[in-house]
Amino acid sequence: MIDTAHPKKSGRYPVKIRVTYNRDRRYYPTGKDMTPEEWEALPTTKARTLASVRKDIESSYQIVRSAVEELATSGAFSLDALNNRLKGAASDTVNTAFRAKMEALRIAQQVGNMLIYDNVLKGLERFAGPRIRFESITVSWLEKYALFLRKEGKAQTTIAIHLRTLRAILNIARQQGVIREAQYPFGRGLGQYHIQAGTGRKMALTLEQIGQIARYDDGRQTTAKYRDYWLFLYLCNGINVADFVRLRYRDIVNGEICFIRSKTEHTLRTLRDIRVVLTPPMQEIIDRWGNPKRPDAFIFPILTGREDAMTTKNRTKDLTHSINKRMKEVGEQLDIGPISTYTARHSFATVLKRAGANIAYISESLGHSDLKTTENYLASFEREEREKNAEILTKF
């Protein structure tokens, strides 16, 4: 809620989270101030600045909600207990804040994100121990942490993920007033720590190489199945394995497969269907390896529908590993190089770009929330174009 009873000198009003219990109310700050007009526009705004504020407010709300649900489930809820829980989660240590965030993700059944936070926390504790104070995280500390991760053998892309996850925790602490603005170490200004993105690897294949994969046959049924699964990922708009395993026959509507990306269903304000024309090669793969056709049945026999979030995550990881292992062998036999499920997604985007497709269409087909993400996918294509154009200059 926006607290219009306590205006700031700037003319804005603080945004707070209100918890009511037995007619008693407590208010928890989000660290954000807004005008009434901005507050009214917040749920549907597409303005980047306000959308960022909305995301921060939602993060603060989720922490409070998680604490309420935990206490209520244990039968020990009171507003005093909530105060104590939130004080501990926010202001104790970075480690505690990580665990509070992980618990919130667990309750929301966002297992993938929860495991990312868990992995990052383990790395932090290997570097700095079980009680990391917020005030200890400075630019110098972050530089040493990045060096530590590099010495562990992590690539820059992985290091960037670790640092962005830590930054998300510090953003929450900053919103709640646990750390002052002057203590916040991340940014692009002088004396601030800027997270360097990884350069990535060239992942996309050519149409000719994809054709070689489609025709590859070593006589083994397992190879044929995982080859076909990989081709389906590619043909289905570069679908992620997490979404592939959840496809049901009811998702096929008027000759199109319609699905929502699991990766963004909890983060986007407006959910968007990704629509894929069900082509004859895709139908042939379904006919070969799919379940018997019933509306509620999964298309492919990976899940039963009785799995909890963690089991679903593990089944997805196991399938990804199996596809990648077999497709690596296929890549070696065809002298293409490593092939993975990620290669399928990059190849879908790059093949369309090579054919002249509009980047906005490619972005929508991939389910990206912004064009910048799509441009990162197409980085290898842009490099290819520069190399080709450079060669033209010397053909005299």
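What counts, and at which threshold
Residues numbered from 1 in each chain as written. Predicted model: local features only at pLDDT ≥ 70, side-chain atom pairs only at ≥ 80, totals over all residues. Heavy atoms only, no water. UniProt positions renumbered as here; feature names shortened; annotations may be inferred. Axes fitted to C-alpha atoms, helices over the stretch in contact; angles between N-to-C directions. Helix = DSSP H or I, 4+ residues; strand = E, 2+ residues; numbered from the N terminus. Parallel < 35°, antiparallel > 145°, perpendicular 65-115°, else oblique. Contact = heavy atoms within 4.5 Å. Buried < 20%, exposed > 50% of the residue type's maximum accessible area, 1.4 Å probe, protein only. 1 Å grid on protein atoms, 1.4 Å probe; cavity = no way out; pocket = protein on both sides within 12 Å on 5 of 7 lines; lining within 4 Å. Points joined across faces, edges and corners; volume = space filled by probe spheres on them.

- As named in an unreviewed UniProt entry, the protein chain is Site-specific integrase, taken from Candidatus Alistipes intestinigallinarum.
- Of the protein chain, the UniProt comment under Sequence similarities (unreviewed entry) reads exactly: "Belongs to the 'phage' integrase family."

**Describing the packing of helix α4 (residues 94-107) against helix α7 (residues 156-175)**
At step 1: In contact at an axis separation of 10 Å, α4 and α7 are set at 95 degrees when each is read in the N-to-C sense. The pairing of α4 with α7 is recorded here as roughly perpendicular in orientation. Note on element contacts: α7 touches α4 through T165, L166, I169 and I172, opposite V94, A97, F98 and K101.

**As for unusual backbone geometry**
At step 1: Even without glycine at this site, N22 takes up a positive phi of about 50 degrees.
At step 2: Take N22: it is sitting in the loop between β1 (13-21) and β2 (24-34).
At step 3: One non-glycine residue, R23, lies in the positive phi region at around 70 degrees.
At step 4: Along the chain, the position of R23 falls in the loop between β1 and β2.
At step 5: For R23, a relative accessible area of 87% corresponds to the exposed category.

**A word on the layout of surface pockets**
At step 1: Empty space within the second largest pocket amounts to approximately 330 Å³.
At step 2: In terms of lining residues, the second largest pocket is bounded by 16 residues, among which N237, V276, F348, Y361 and S365 are the most central.
At step 3: Those elements giving two or more residues to the lining of the second largest pocket turn out to be α9 (221-235), β5 (274-277), α13 (341-354) and α14 (359-366).
At step 4: Looking at which element gives the most residues to the lining of the second largest pocket, the answer is β5, with four residues.

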